[in-house]
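# Descriptive structure summary
If you want the building blocks of each chain, they are given just below.
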Amino acid sequence: MPIIDISRAHSLPAPQARATIDQVAAALRARFALQTTWQGDVLHFRRSGVEGGITLEAGQVHIHAELGLLLGFMQPTIEAEIRRQLDQHFGAAI
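Below or above, wherever it landed, is the structure these notes cover. Throughout, a residue's number is its position along its own chain's written sequence, starting from 1. Per-residue local features of the predicted model are confined to residues with pLDDT of at least 70, and side-chain atom pairs are confined, for both listing and counting, to 80 or more; whole-chain, interface and lining totals are unaffected and use all residues. With hydrogens and water stripped out, all remaining heavy atoms of the structure feed into the side-chain values.

Alternating positions in strand S1 (residues 3–9) separate cleanly, Ile4, Ile6 and Arg8 being buried on one face and Ile3, Asp5, Ser7 and Ala9 remaining unburied on the opposite face. Two strands pair when backbone bridges link them, and S1 and strand S5 (residues 60–67) are joined in this way by seven bridges, in the antiparallel orientation. Bridge pairing in S5 links Ser7 to His62. Per-residue accessibility, obtained with a 1.4 Å probe over protein chains only, is compared with the maximum for each type, and a residue is labelled buried under 20%, exposed over 50%, and partly exposed between these values. Elements are defined by DSSP. Helices are runs of H or I of four residues or more, strands are runs of E of two residues or more, and each kind is numbered from the N terminus. Pairing between two strands is assigned when DSSP locates at least 2 bridges connecting them.

Turning next to the packing of aromatic side chains. Any pair of aromatic rings gets described here by the distance separating the centres and the angle formed by the planes. Ring pairs are drawn from Phe, Tyr and Trp, using the six-membered ring of Trp, whenever the two centres fall within 6.5 Å, and their geometry is named by plane angle: stacked under 30 degrees, edge-to-face over 60, tilted for the rest. Counting across every chain of the model gives zero aromatic pairs. Put simply, a charge is over a ring when the Lys NZ or the Arg CZ is close to the ring centre, within 6 Å, and near the line of the ring normal, within 35 degrees. One Lys or Arg, Arg18, reaches over the ring of Trp38 and ends 3.8 Å from the middle of that ring.

With that out of the way, let us pick up the pairing of strand S4 (residues 50–57). Here strand S3 (residues 42–47) runs beside S4; their pairing, made up of six bridges, is antiparallel. Within S4, the position partnered with His44 by the bridge is Gly53. For S4 and S5, the ladder comprises eight bridges, and the chain directions are antiparallel. Directly across from Gly53, in S5, lies its bridge partner His64. Linking two consecutive strands that pair antiparallel, namely S4 and S5, is a turn of two residues; a positive phi of about 80° is found at Gly59 within it.

Here is the structure:
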């Protein structure tokens, strides 16, 4: 199973980081038809062929996704979109 695992440092206060993750998730929902739900500090997402979460930690955002076989072929596209959204909302990776 293909896996996407991305961490990004941030310096936002927790409420602002959570709101920013909501913005990132909204863009990913629109692009990939994901269903999302918060459970504590983790925004879980899923749809047929993908399951994962965005974990909000102090100073860091961590995205982990497991792709099914069919979406595995789209891994580079999905990963590029996640990185683009993180760059846009949290700043480019150092």
